[in-house]
Amino acid sequence: MKGLSKDRLWAMAVLAPSILLIAIFVYSFIARTVYVSLTDWGNDPAQALAIDPIIRWVGFQNYQELFTGFLQGRFRQELVNTLFFTLFFILGCLGLGLGLALILDRNPRGEGLWRTVFLFPMSLSFIVTGTIWRWMLQPQGGVNQAPTLVGAPPSTFGWLSSNDAVLKFDWNALPLITALVVGVVLIVLAVRAAREGQRTRMVVAAACAALLLLWAVFIGPRVKLLAAPELHGFNFAMIGIIIAAVWQMSGYTMALYLAGLRGIPEELREAARVDGANDASMYRHVIFPLLSPITLSAMIILGHISLKIFDLVYAMAGPDNISASVPALNMYLTSFRQNQFALGAAIGTILLILVAFVIVPYLASQFRGEEGHS
Amino acid sequence: MKKALLIVAALATTSSALAAGKLEIFSWWSGDEGPALEALIKLYKQKYPSVTVDNATVSGGAGTNAKAVLKTRMLGGTPPDSFQAHAGQELIGTWVVANRMEDLSSLFQSEGWNKVFPADVVKLISTDKGIWSVPVNVHRSNVLWYNPAKLKEWGVSVPKTWPEFLSTCATLKSKGVAAPLVVGENWTQQHLWENVMVGTLGAQNWENLWNGKLKFTDPKVVAAFTTFNKVMDCANKDASGLSWQQASDRVVSGQSAFNVMGDWAAGYFTTTKKLEPGKGFGWATAPGTAKTFVMLADSFGLPKGAKDRAEAIAWLKVLGSKQGQDTFNPLKGSIAARTDSDLSKYNTYSRSAATDWKNSKIVGSMAHGAVAPESFTSAFGAVIDQLVATKNSAGAAAAAQQLATRAGIGK
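Residues numbered from 1 in each chain as written. Chains lettered and ligands numbered in written order. Predicted model: local features only at pLDDT ≥ 70, side-chain atom pairs only at ≥ 80, totals over all residues. Heavy atoms only, no water.

Details of the packing of aromatic side chains
Here is step 1 of the chain: On inspection of all chains with the given rule, the structure shows 47 aromatic pairs over all chains.
Here is step 2 of the chain: An angle of 75° between the planes, with centres 5.6 Å apart, marks the rings of A:Phe25 and A:Phe29 as edge-to-face. On the criterion of helical spacing, the pair formed by A:Phe25 and A:Phe29 is a turn pair, its members being four residues apart in helix α1 (residues 6-37).
Here is step 3 of the chain: The exposure class assigned to A:Phe29 is partly exposed, which follows from its relative accessible area of 45%.
Here is step 4 of the chain: Measuring from ring centre to ring centre gives 5.7 Å for A:Phe60 and A:Tyr63, while their planes differ by 55°; the resulting arrangement is tilted.
Here is step 5 of the chain: In textbook terms, an aromatic cluster arises when at least three aromatic residues are bridged by ring pairs, as seen for B:Trp145, B:Trp244, B:Tyr268, B:Phe269, B:Phe281, B:Trp283 and B:Tyr349.
Here is step 6 of the chain: The ring of B:Trp28 has B:Lys67 sitting right over it, with the charged end atom 5.9 Å from the ring centre. (Phe/Tyr/Trp six-rings, centres within 6.5 Å; stacked < 30°, edge-to-face > 60°. Helix = DSSP H or I, 4+ residues; strand = E, 2+ residues; numbered from the N terminus. Buried < 20%, exposed > 50% of the residue type's maximum accessible area, 1.4 Å probe, protein only. Lys NZ or Arg CZ within 6 Å of the ring centre and 35° of its normal.)

Take a look at the structure:
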């Protein structure tokens, strides 16, 4: 009975309500959504909004529909959009944030003012940011009129309405591309294991890589997800949205980096100088390695924001603009305009899995770190 | 403590006194359409002065935002007392099939509405189980708007068919008009699409599309999709960012020559922009639809479980009355659904529409929920967007056919 001291009882009593609430409002709702995504709720309009709808279990049919169904090309384009958006959004925020932090770290005049100026966009909601940037990116206004200030003709770039895309690939090649990417990663792991002299790990990784690559060479090209080729790529219409998102969030990464830079002890810099490091090599070998944990946490936070983004896209591109749409928007339209609750739940579940890919490794490393300290 | 209780009691009595005569009206009539609704509410208040009217308007073209809010409230068990819905399949395919609406047959009987509303309209709002809504107005979807002064300046006349439209478009482009046709956000493109379809296929084939006799994948229909692509080549490239009002503004300013929009544009031109019909703006039936009236109607229904049912029924009675319709429609730019309306109250445009209403073939609009259920119309937005991006007529037609099958059209 040592475990049930008064302190412990108190702690459990205080924690119980929040554990209970989280169990109901987070985890049971997640479970419910996953369950709904495996049913046919809403596929029959007459049952969708009835008071006692008849709902049948259909297994993974909704997921199959999303990835291979003829009508769901929009969802596949959105997945590709999300991929590119996440990539460029994180790169943009990290790059710009680090740049600004490095400048501010040199103690320019009016530093406090600059800090506020750069951090300010974060206090706006994405809807406000989206509305402002939609005005500025109008085909005949704002940014496109900027060249006229220096006498040049106005630009005609369709920031949000362009249908052009680069880096296009056929959706049918998706299994092939995935196999190749995973294969290459496994080869890298194998090489690394070989260098560290871990034989078993090397053999397993190399064998898996060989299997995947063999599959990719001999069977992969013949796999057809869709009847006809379907091209998806990075749409230029996403550029405007990426700019707005970077504008909003780069101040936040700046603040993170600035805190990190200020946390580096002056002695380390001095030691580096004494060892004959110039500015460039001091940043490269001393400061940037010390900032890498900050980069990781910034990537995690930006990553889950970008996967779940909805309001910014809704405000800037509108709900029906496929070239600049994201899965969250589709989930809203599918569930609440077309009343296809099961299909919407399936999109929601896919989003949850994507976010989990980002969050779970982070949480795991956090827990491991904490245990290490205690 | 006693004091607090007293205050609570006092508050409770006042709020219940207010609740005694309350009516919540849920619609998407805001902005330019707001004054027409206000006039109607004023009329209601004259008749029922003790009732507090709560005007719960959710703005957004064609009700896209309002419908989402409505769904939340209906599913949450707090339906508004009476809500706006496009007459026809939009209400029937969403809420009537789900058994959420009250049958209004007895109200139609007692008010004698079966005689004053055209049989076509009553058919549109009924199923074999009852009559589901009270139509307030009739709108025409197939209208081509233009700027008479600018057309004269450019030396072109109003095209009568879609091929003629395309050649007019080429002429205008050669005269330096970058976008002879102006379109706006997605639903206005769907609106244009249905006009091209009716104008190319004819009214009978259009009806057959929705009763399942004609497939979207039929070569005729695919060819009409191709015509739509060519028409879109005449249009502005920044469409997705424009509301229908902003698109109409470009016709007024002379930046574009034509705009295909429903006749609520007449209300916008005359009431908001203070333009004179025939001078500041001109109109014709959309190309190829001369003897056809593509209609849609706004209507109000009575959801099951409405809190203030008696007040809501009184509201429906005002809506269906001659006085109510003649108060509302001249301001809204639509015509009365009743056949006995007082045409002297209407402007030049509406009088011409009312004449056509009597001697044209009447078909329903897809973009505005008359012939297709919401599950089709909403998903069709993505098909149009894909079509505009890729110009792939056959693909879009095949997708439309799959949507139609899924939505149970032609069953």
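Once the structure has been displayed, the description carries forward.
Details of the nonpolar core
Here is step 1 of the chain: In this structure, A:Phe85, A:Phe89, A:Ile241, A:Met249, A:Ile287, A:Leu312 and A:Met316 are the most contacted members of the largest nonpolar core, which totals 61 residues.
Here is step 2 of the chain: Where this core is concerned, the elements lending two or more residues are α3 (61-68), α4 (73-105), α6 (126-136), α9 (237-263), α11 (279-308), α12 (311-317) and α14 (341-373) of chain A.
Here is step 3 of the chain: Counting residues per element, this core draws most heavily on α4(A), which supplies 14 residues.
Here is step 4 of the chain: Look past the residues within four positions of A:Met316 in its chain and what remains in contact with it is A:Gly130, A:Trp133, A:Arg134, A:Leu137, A:Leu160, A:Gly240, A:Ile241 and A:Ala244.
Here is step 5 of the chain: Of all hydrophobic cores here, the second largest spans 59 residues; its members include B:Trp154, B:Phe225, B:Ala235 and B:Leu387. (Core = buried A, V, L, I, M, F, W, Y, C linked by side-chain atoms within 4.5 Å. Contact = heavy atoms within 4.5 Å.)

Brief notes about the environment of A:Pro53
Residues and elements named next belong to chain A.
Here is step 1 of the chain: Here Pro53 shows up in the loop between α2 (45-48) and α3.
Here is step 2 of the chain: Sequence-wise, Pro53 and Ala16 are 37 residues apart; in three dimensions their C-alpha atoms are separated by 35 Å.
Here is step 3 of the chain: Apart from the residues lying within four places of it in its own chain, the contact partners of Pro53 are Trp41 and Gln47.

Concerning the interface of chain B and chain A
Here is step 1 of the chain: Across the boundary between the two partners, chain B contributes 35 residues, which contact 27 residues of chain A.
Here is step 2 of the chain: At the boundary of chain B with chain A, total buried surface from both sides reaches about 2600 Å², with 52% on carbon and sulfur atoms.
Here is step 3 of the chain: At the surface where chain B touches chain A, the tally comes to zero salt bridges.
Here is step 4 of the chain: Taken together, chain B and chain A are joined by six residue pairs in polar contact (both at pLDDT 80 or more).
Here is step 5 of the chain: Sorting the residues of the side of chain B that touches chain A by element identifies α3 (64-75), α4 (89-96), α18 (374-390) and α19 (393-406) of chain B as the ones contributing at least two each.
Here is step 6 of the chain: The greatest single-element share of the side of chain B that touches chain A, amounting to ten residues, is contributed by α18(B).
Here is step 7 of the chain: Across the side of chain B that touches chain A, the residue classes tally to 13 nonpolar, 14 polar and eight charged. (Buried area = accessible area lost by both parts, 1.4 Å probe. Salt bridge = Lys/Arg side-chain N within 4 Å of Asp/Glu carboxyl O. Polar contact = N/O pair within 3.5 Å; in protein donor to acceptor, adjacent residues only side chain to side chain. Nonpolar A, V, L, I, M, F, W, Y, C, P; charged D, E, K, R; others polar.)

Quick word on the state of the cysteines
Residues and elements named next belong to chain B.
Here is step 1 of the chain: Scanning all chains against the criterion turns up one disulfide over all chains.
Here is step 2 of the chain: Shown here is the disulfide that connects Cys169 with Cys234, its sulfur atoms set 2.1 Å apart. One quick way to see it: the torsion about the S-S bond of Cys169 and Cys234 is about -110°, and its sign makes the bridge left-handed. Residue Cys169 is located in helix α9 (residues 162-174), and its partner Cys234 is located in the loop between α12 (219-232) and α13 (244-253); the two are separated by 65 residues in the primary sequence. (Disulfide = S-S within 2.5 Å.)

Let's talk about the domain arrangement of chain B
Residues and elements named next belong to chain B.
Here is step 1 of the chain: Assigned domains within chain B: domain 1 (2-139 + 296-358) and domain 2 (140-294 + 365-406).
Here is step 2 of the chain: The straight-line distance from the C-alpha centre of domain 1 to that of domain 2 is 29 Å.
Here is step 3 of the chain: The partner domain 2 presents 26 residues to the 28 residues of domain 1 that form the contact.
Here is step 4 of the chain: Contact between domain 1 and domain 2 buries roughly 2200 Å² in total, counting both sides, with carbon and sulfur atoms accounting for 60%.
Here is step 5 of the chain: A salt bridge links Glu374 to Lys71; the shortest N-O distance between them is 3.6 Å.
Here is step 6 of the chain: Counting every contact that joins domain 1 to domain 2 gives nine residue pairs in polar contact (both at pLDDT 80 or more).
Here is step 7 of the chain: No other element matches helix α17 (residues 348-359), which puts six residues into the side of domain 1 that touches domain 2.
Here is step 8 of the chain: Grouping the constituent residues of the side of domain 1 that touches domain 2 by class yields ten nonpolar, eleven polar and seven charged. (Domains from an automatic or database assignment.)

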